[in-house]
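Okay, here's what each chain looks like letter by letter:
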Amino acid sequence: MDQEIKFLMEKYKKGELTPEEEKKLETLIGQGKLALEDFEDLQGLSDRLDDDLLLEPPSTLDHKFYQSIHTIGKPKAGVLKITRWMAGVAASILVLVGFGVSMLINQSNAKVHQLTGEMKAMREMMMLSMLEQKSPSDRLKAVSLTADMPEVSDQIAEALLYRVNHDRSDNVRIASIEALRPYAQNARVREGLINAIQHQHSPLVLMSLAETLTSIGEKPTLEGFQGQMNKQIPQEILKELETGLKEIL
Amino acid sequence: MVQVQNGQTDAISILFERYKKILYSFFAHMTQDRFLAEDLVQNVFIRVMRYNKQFKGEGSFKAWLFTIARNVMADHYRRGAKMRTEMIDSYTHELHGESNPYEEILADERKNFLHKAISRLDEDKREVLILVKLHEMKYKDVAKMLLMNESTVKVKVFRAMKELQKILQTSKQSL
């Protein structure tokens, strides 16, 4: 296959591909056996696209946006008038006063409840989007947003557990473990943290996991951690880690 | 209640600041109309505010956002507006201030030349190329969004690149 790719690439460079060979080349691209990066003639263009495709939006875009969200945020005048009118009727009919007032309170509470829900969903969405950022500091910021959340949804808990197990940065992993600590009453979080042991290689992350699990009353065995202490960890650190874990566990 | 509302607008503002540039670029390249691009970006964020609960966290947020963006654009054209076939307004003056040094002017011209070449691609090719190159979206996510398989997206990007290369080489004088 390598020979075939080499042959096709040579012909491509010379511009001598037959329609069948061109099709074959595209099949190889589709299969992922050839990537854009393999085509030297397209590299310059590819770099140019990376640099020059992004356009600077005009300042009027910001102005229009902030104006529109404030308009959306404001309560509608019509609704307010009806509410006042209803309150007036309720006040004039004594029998209905109590009923009317309780209706208004409920309505107001429902509105607050709805907006609180929307705000929570929006914050969660923002956090999930920030967790996808390339920069570890952005992901750390996203993790820190959970500190303001009275409770985390299953979706957020799953996203944090994913970070604990798969994030490239140990700092993000540790921050995610810390962020999950207050929600350890959630069975899925507890289970996720216990299972996370097997995905760790960093002594610091292992220590943080051990501390968190102990603090929430889940005392894992030292053996469970020892399995993860692979040979890549230097002996001195390994000894310190063992001592630390013994103290914690 | 005001605090609650403020909380929501704060969150949407952060998302706006983060994604306005790539959304604006997407719409500007796709519609060839920078004024329309502004309106469409705004419509995307209004929809994000209205339908934020529909984002379940499955898959990337960017892919979800661009699914909304594509729907916003499709709705705009469904209402009868016609898509421009070629860029009419130059982007040059938006990129820098008026007192550009010579090198910046050259760089602007180079960009402008590239943007005009992109506008000559078929809509399908332009879209797939912009989604992959501009937004650094994964082939997998673009495939899901465009209801294609991953291999088709890869081939389409390759074809778009080749065609763009050809346009740039052959139309240097006429652009």
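Residues numbered from 1 in each chain as written. Chains lettered and ligands numbered in written order. Predicted model: local features only at pLDDT ≥ 70, side-chain atom pairs only at ≥ 80, totals over all residues. Heavy atoms only, no water.

1. Digging into the overall build of chain B
Inference 1: Scanning chain B from terminus to terminus reveals eight helices and zero strands.
Inference 2: Counting helices and strands in the order they occur from the N terminus, chain B gives α-α-α-α-α-α-α-α.
Inference 3: Burial status across chain B gives 54% buried among its 175 residues.
Inference 4: For chain B, the proportion of contacts with a sequence separation of at least 24, taken over those separated by at least 6, is 68%.
Inference 5: On chain B, roughly 8,700 Å² of surface is accessible, and the fraction owed to carbon and sulfur atoms is 47%. (Helix = DSSP H or I, 4+ residues; strand = E, 2+ residues; numbered from the N terminus. Buried < 20%, exposed > 50% of the residue type's maximum accessible area, 1.4 Å probe, protein only. Contact = heavy atoms within 4.5 Å. Areas by Shrake-Rupley, 256 points an atom, 1.4 Å probe, with all protein chains shown as cover.)

2. A look at the nonpolar core
Residue and element names in this part refer to chain B.
Inference 1: Residues Leu23, Phe26, Phe27 and Leu164 are the most contacted members of the largest nonpolar core, which totals 107 residues.
Inference 2: Sort the elements by how many residues they give to this core and helix 1 (residues 2–31) lands first, with 12 residues.
Inference 3: Here this core gathers at least three residues from each of two domains, domain 1 (2–78) and domain 2 (92–170).
Inference 4: Setting aside residues up to four positions removed in sequence, Phe27 forms contacts with Gln32, Ala37, Leu40, Val41, Val44, Ala69 and Met73. (Core = buried A, V, L, I, M, F, W, Y, C linked by side-chain atoms within 4.5 Å. Domains from an automatic or database assignment.)

3. As for the pattern of salt bridges
Inference 1: Here the structure, examined in full by the defined rule, presents 19 salt bridges over all chains.
Inference 2: B:Arg78 serves as the salt-bridge partner of B:Asp75, at 2.7 Å between the closest nitrogen and oxygen. With B:Asp75 and B:Arg78 both in helix 3 (residues 61–78) and three residues apart, this pair spans about one turn of that helix.
Inference 3: Through salt bridges with shared partners, a single network forms among A:Asp62, B:Glu17 and B:Lys20. (Salt bridge = Lys/Arg side-chain N within 4 Å of Asp/Glu carboxyl O.)

4. A word on helix 8 (residues 150–170) of chain B
Inference 1: With 21 residues, helix 8 of chain B ought to run about 30 Å at 1.5 Å a step, and its terminal C-alpha atoms sit 30 Å apart, in line with that.
Inference 2: Of the residues making up helix 8 of chain B, those classed as buried are B:Val153, B:Lys154, B:Val155, B:Val157, B:Phe158, B:Ala160, B:Met161, B:Leu164, B:Gln165, B:Ile167 and B:Leu168. (Expected span 1.5 Å × (residues − 1).)

5. Observations concerning the interface of chain B and chain A
Inference 1: Residue-level contacts link 65 residues of chain B with 55 residues of chain A.
Inference 2: Interface of chain B and chain A: buried area, both sides summed, is about 5,800 Å²; carbon and sulfur atoms make up 67% of it.
Inference 3: Here chain B is connected to chain A by eight salt bridges.
Inference 4: Taking the shortest distance from any N to any O, the salt bridge between B:Asp39 and A:Lys64 comes out at 3.2 Å.
Inference 5: Run the count over chain B and chain A and you get 18 residue pairs in polar contact (both at pLDDT 80 or more).
Inference 6: Counting only elements with at least two residues in the side of chain B that touches chain A, the list comes to helix 1, helix 2 (34–50), helix 3, helix 4 (92–95), helix 5 (102–119), helix 6 (123–134) and helix 8 of chain B. (Buried area = accessible area lost by both parts, 1.4 Å probe. Polar contact = N/O pair within 3.5 Å; in protein donor to acceptor, adjacent residues only side chain to side chain.)

6. So, the packing of aromatic side chains
Residues and elements named next belong to chain A.
Inference 1: For the structure on display, the rule yields 12 aromatic pairs over all chains.
Inference 2: Look at Phe65 and Tyr66: their rings are 4.9 Å apart centre to centre, the planes differ by 75°, and that puts the pair in the edge-to-face class.
Inference 3: Owing to a relative accessible area of 1%, Phe65 belongs among the buried residues under this scheme. (Phe/Tyr/Trp six-rings, centres within 6.5 Å; stacked < 30°, edge-to-face > 60°.)

7. Looking at the packing of helix 8 (residues 154–166) of chain A against helix 10 (residues 187–196) of chain A
Residues and elements named next belong to chain A.
Inference 1: Relative orientation of the contacting elements helix 8 and helix 10 amounts to 10°, with a least axis distance of 10 Å. With respect to helix 10, the axis of helix 8 lies roughly parallel. Side by side, helix 8 and helix 10 meet where Ala157, Glu158, Leu161, Val164 and Asn165 of the first sit next to Arg188, Val189, Gly192, Leu193 and Ala196 of the second.
Inference 2: Looking at the contact of helix 8 with helix 10 residue by residue, the class counts come to six nonpolar, two polar and two charged. (Axes fitted to C-alpha atoms, helices over the stretch in contact; angles between N-to-C directions. Parallel < 35°, antiparallel > 145°, perpendicular 65-115°, else oblique. Nonpolar A, V, L, I, M, F, W, Y, C, P; charged D, E, K, R; others polar.)

8. Observations regarding the confidence of the model for chain B
Residue and element names in this part refer to chain B.
Inference 1: Put simply, chain B has an average pLDDT of 78, and 73% of its residues get 70 or more.
Inference 2: By mean pLDDT, the top-scoring element of chain B is helix 8 (92), and the lowest-scoring one is helix 4 (39).
Inference 3: Throughout residues 1–5 the model reports pLDDT below 50, and contacts reaching past four residues in sequence, or to other chains, amount to 10 contacts. (pLDDT = per-residue confidence, 0-100.)

9. Considering the confidence of the model for chain A
Inference 1: Averaged over all residues, the pLDDT of chain A equals 77, while 67% of them reach at least 70.
Inference 2: Counting contacts from residues 75–82 of chain A, a segment whose pLDDT is below 50, to residues more than four positions away or on other chains yields one contact.

10. Quick notes on the packing of helix 2 of chain B against helix 3 of chain B
Residues and elements named next belong to chain B.
Inference 1: It is the contact of helix 2 with helix 3, at a shortest axis distance of 9 Å, that shows an interaxial angle of 125°. Put simply, helix 2 runs oblique to helix 3. By crossing handedness, the relation of helix 2 to helix 3 is classed as right-handed. Packed against helix 2, whose contacting residues are Leu36, Leu40, Asn43, Val44, Arg47 and Val48, the element helix 3 presents Trp64, Leu65, Ile68, Ala69, Asn71, Val72, Met73, Asp75, His76 and Tyr77 at the interface. (Left-handed = near helix turned anticlockwise from the far one by under 90°.)

11. Regarding the side chain of A:Gln200
Residues and elements named next belong to chain A.
Inference 1: Along the chain, Gln200 turns up in the loop between helix 10 and helix 11 (203–215).
Inference 2: On the basis of relative accessibility, which here comes to 1%, the residue Gln200 falls in the buried class.
Inference 3: Among the polar contacts listed, one links the side chain of Gln200 to the side chain of Arg173, at a separation of 2.8 Å.

12. Quick look at the environment of B:Leu134
Inference 1: Positionally, B:Leu134 belongs in helix 6.
Inference 2: Those residues within four positions of B:Leu134 in sequence are excluded, and the remaining contacts are A:Leu53, A:Leu54, B:Ile22, B:Ser25, B:Phe26 and B:Leu129.

13. Describing unusual backbone geometry
A negative phi holds for most residues other than glycine; trans holds for most peptide bonds.
All names here are of chain B.
Inference 1: Although it is not a glycine, Gln32 sits at a positive phi angle of roughly 60°.
Inference 2: Inspection of the secondary structure puts Gln32 in the loop between helix 1 and helix 2.
Inference 3: Gln32 gets classed as buried once you look at its relative accessible area, which sits at 2%.
Inference 4: A positive phi angle, near 55°, is found at Leu147, a position not held by glycine.
Inference 5: Examined against the element boundaries, Leu147 turns out to sit in the loop between helix 7 (139–145) and helix 8.
Inference 6: Note on Leu147: relative accessible area 77%, which makes it exposed.

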